[in-house]
Amino acid sequence: MPVSTPVIGVFILIYLMIMFYLGWLGYKKTKLTEDYMIAGRNVHPYVLALSYGATFISTSAIIGFGGAAGALGMGLLWLAVMNIIVGIFIAFVFFGSRTRRMSLNLRAVTFPELLGRRFQSRFIQGFSGALIGVFMPLYAGIVLIGGARFIEATLNINYDIAVLILTVIVAAYVITGGLIAVMYTDALQGALMFIGMIFLLSFTYITLGGINAAHSALTAMNHLVPEGLAAGGHLGWTSMPAFGTPIWWTLVSTLVLGVGIGVLAQPQLAVRFMTVRNDAALNKAVFVGGPFILMMTGVAFTVGALSNVYFYQNTGMISLAAAGGNTDLIIPEYINSAMPDLFVVLFMLTLLAAAMSTLSSQYHTMGTAIGHDFYREYVKKGDLGKTISITRVAIAITILGSVILAYMLPISIIARATAIFFGLCAAAFLPMYTGALFWKRMTREGAIASLLVGTFSSLFWLTFVRSSEAVPLGISKALFGVETLITGTWTLVDPILIATPLAFIAGIVVSLMTKPIPDEHLDKCFTRKRK
Amino acid sequence: MLGIDDPYIWIAYILCFISAIGCMIYGAIKWNDGLDDEDVE
């Protein structure tokens, strides 16, 4: 690293002190369960937008997916388009306002609780809570790995100690300050990320001689695509991969559709719609959220692809080669060699902020899923007054789980594990969540059917069909003696394209066959009170 | 267009900006819509 450790140390220290201050502020303001769970339903629209964006965009979106753009090219920009249109516009305008109103009508304070109360089923709440509690530590584990690797490299300290430092800091403000602390620290981290990414984009285009010149130079490098990638369908960094090839399927099904649609059913994001007073706040958040996401994923994917030009002009190698074949190292390598020293410091804080904002929300969501949804509402049938204390303990336990995973998981899993979690959430929750908000005819049995079909078909596809997960897992090989149960193109298709439609069909068919939910309950769910 | 030959790429590049600007226009037009919604107690 070119920048002296003491300089970075001072910046990080100042940054951490502000984080602690905001955490303490959250602690002071937290009096009721609603404060701890959903920040008292009184969050400022800008804080909502930045917090949503900063939670949405983790280090893996910038480093992992930016690096993927370095290898696969600008086709990833379709994911940025999806992030803005689906992740912000559709999420806030269509899902957000109904989620907010229904959670208020039903007095729901978590995502599983909203679904459970809408369909009058403790099972839905308990199962959803358990699903989040079991699989989210995996997602949190990889975000933790990303953050800790960054601290390790920047401050020259041991990786294991870096994991502990990061965990203790985030845990301290999440456990004490609840969602108020989480969202205010998120907002500050989001602002920092925004500034960092603006600099990154500007420096990149200036260094490469302007927008058109930079893109033209990248287009002119088409013949440099390595043979292995070209055989997989790679046609150059400013072209889409050839239709139907393995790279095309990875790009379109896993990255663009999997992550692009999966965001709608992310519990840690959906809960944020419940934190504002009225729909006007959601509209204002759209105003801030659209450009924010453009500056995050749009910039990361563009710069990731353009890094090829920089490396080729300066070292004669493409990015993948310059980063030693590891896509996760393309962006850090590019920042270190191409950017001025002061920017390196700024960008390091940007990455630390991205990791911490995602981690804190994950810890909060896992804790409330286990402590409130699973334990209190399902196991104890709602019969316990000390929800906050139980949730705090649950947060501590899930944090421990993700730390253990951070020590165990290999580094190369970062981008893939993010996609797996997003896909699982889409299959398990999206049909039921969509039905809850938009289809009054959906019944409890239909919702349960979609939840179970979505969860298990998604897990089945990952374990037995999709080669990129099934082969390393080895369960199919152990049970049936074959690496995947089906062969051919199917083994490239992301589970989201199979499991989510299946779950939708199950939800619709079973709903139509079962007794509708009573009108009085539906009125209670959908009523819109005005002042 | 923009130094990019494949239309599927430059369309995505431009769509990123259009969709972000669209979000801003929507937010600005609807700035105060929904202010009359119920308050928290």
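Note that the structure is a prediction, hence the values are computed from the model and not measured.

The rules behind the values
- Residues numbered from 1 in each chain as written.
- Chains lettered and ligands numbered in written order.
- Predicted model: local features only at pLDDT ≥ 70, side-chain atom pairs only at ≥ 80, totals over all residues.
- Heavy atoms only, no water.
- Helix = DSSP H or I, 4+ residues; strand = E, 2+ residues; numbered from the N terminus.
- Rg over C-alpha atoms; globule rule 2.2 N^0.38 Å.
- Buried < 20%, exposed > 50% of the residue type's maximum accessible area, 1.4 Å probe, protein only.
- Contact = heavy atoms within 4.5 Å.
- Areas by Shrake-Rupley, 256 points an atom, 1.4 Å probe, with all protein chains shown as cover.
- Lys, Arg positive; Asp, Glu negative; His and termini not counted.
- Charge placed at Lys NZ, Arg CZ, Asp CG, Glu CD.
- Core = buried A, V, L, I, M, F, W, Y, C linked by side-chain atoms within 4.5 Å.
- Phe/Tyr/Trp six-rings, centres within 6.5 Å; stacked < 30°, edge-to-face > 60°.
- Lys NZ or Arg CZ within 6 Å of the ring centre and 35° of its normal.
- Salt bridge = Lys/Arg side-chain N within 4 Å of Asp/Glu carboxyl O.
- Buried area = accessible area lost by both parts, 1.4 Å probe.
- Polar contact = N/O pair within 3.5 Å; in protein donor to acceptor, adjacent residues only side chain to side chain.
- Disulfide = S-S within 2.5 Å.

(A) Main features of the overall build of chain A. Within chain A one finds 23 helices and zero strands. Against the globule reference of 24 Å for 531 residues, chain A gives a C-alpha radius of gyration of 23 Å, in line with a compact fold. Dimensions of chain A, computed from C-alpha atoms along their principal axes, come out at roughly 70 × 55 × 45 Å. Taken over 531 residues, chain A has a buried fraction of 63%. In chain A, the share of contacts with a sequence separation of at least 24, taken over all contacts with a separation of at least 6, comes to 81%. Taken as a whole, chain A presents about 18500 Å² of accessible surface, with 69% of it coming from carbon and sulfur. Here chain A contributes 32 positively and 21 negatively charged side chains, and the mean placements of these two sets differ by 13 Å.

(B) Seen up close, the overall build of chain B. When its secondary structure is counted, chain B shows one helix and zero strands. Here chain B, with 41 residues, has 37% of them falling under the buried criterion. Element-wise, carbon and sulfur atoms account for 70% of the exposed surface of chain B, whose accessible area totals about 2300 Å².

(C) Here's a closer look at the nonpolar core. Residue and element names in this part refer to chain A. By size, the foremost hydrophobic cluster in this structure holds 191 residues, and its most contacted members are Phe92, Leu200, Met356, Tyr363 and Phe429. Broken down by element, this core gets its largest block of residues, 20 residues, from helix α8 (residues 159-207). Setting aside residues up to four positions removed in sequence, Met356 forms contacts with Tyr15, Leu16, Met19, Leu166, Ile169, Val170, Tyr173 and Gln189.

(D) Layout of the packing of aromatic side chains. All names here are of chain A. This model, assessed by the stated rule, comprises 31 aromatic pairs over all chains. Ring geometry for Trp248 versus Trp249: centroids 5.3 Å apart, planes at 90°, classification edge-to-face. Trp249 matches Trp248 in its accessibility class, with the two residues each being buried. With 5.6 Å between their ring centres and 65° between their planes, Phe464 and Phe480 make a pair best called edge-to-face. Taken together, the positions of Phe464 in helix α19 (residues 444-465) and Phe480 in helix α21 (residues 475-480) put the pair 16 residues apart, joining distant regions of the chain. Looking at Phe464, the relative accessible area reads 12%, which means it is buried. The rings of Phe95, Phe111, Phe429, Tyr433 and Phe438 are connected pair by pair, giving a single aromatic cluster. Cation over ring: Lys29 sits above Tyr184, and NZ or CZ is 5.6 Å from the ring centre.

(E) Spotlight on the pattern of salt bridges. All names here are of chain A. By the definition in use, this model includes nine salt bridges over all chains. A salt bridge links Asp279 to Arg101; the shortest N-O distance between them is 3.1 Å. One end of the pair, Asp279, is in helix α13 (residues 279-315); the other, Arg101, is in helix α5 (residues 77-105), and 178 residues separate them in sequence. A single burial state applies to Asp279 and to Arg101, both of which are buried. A salt bridge links Arg272 to Asp186; its shortest N-O distance comes to 3.0 Å. Taken as a pair, Arg272 in the loop between α12 (267-270) and α13 and Asp186 in helix α8 lie far apart in primary sequence, 86 residues in all. This pair shows no difference in class: Arg272 is buried, exactly as Asp186 is. Sharing partners across several salt bridges, the network here consists of Glu34, Arg41 and Arg107.

(F) Up close: the interface of chain A and chain B. With 42 residues of chain A at the interface, the matching set in chain B holds 32 residues. Approximately 3500 Å² of surface area, both sides summed, lies buried where chain A meets chain B, with 64% of it carried by carbon and sulfur atoms. Joining chain A to chain B, the criterion identifies zero salt bridges. Run the count over chain A and chain B and you get eight residue pairs in polar contact (both at pLDDT 80 or more). Secondary-structure elements contributing two or more residues to the side of chain A that touches chain B are α5, α9 (211-219) and α13 of chain A. If you tally residues by element for the side of chain A that touches chain B, the top one is α5 of chain A, at 12 residues.

(G) Up close: the environment of Phe438 of chain A. Residue and element names in this part refer to chain A. With respect to the element layout, Phe438 can be found in helix α18 (residues 414-438). With 344 residues separating them in the primary sequence, Phe438 and Phe94 have C-alpha atoms 9.3 Å apart. Filtering out sequence-adjacent residues up to four positions away, Phe438 remains in contact with Phe94, Phe95 and Arg98.

(H) Structural detail: the state of the cysteines. Within the structure shown, the criterion is met by zero disulfides over all chains. Summary of cysteine pairing: Cys16 of chain B is not part of a disulfide, and the nearest cysteine sulfur, belonging to Cys23 of chain B, is at 11 Å.

(I) A look at the side chain of Glu377 of chain A. Residues and elements named next belong to chain A. Within the secondary structure, Glu377 is located in helix α16 (residues 341-379). Judged by relative accessible area, Glu377 falls into the buried class, the value being 6%. Within the local environment of Glu377, its side chain forms a polar contact with the side chain of Arg122, the two groups lying 2.9 Å apart. Look past the residues within four positions of Glu377 in its chain and what remains in contact with it is Glu113, Arg117, Arg122, Gln125, His372 and Gly382.

Function-wise, these values are silent; they only describe arrangement.
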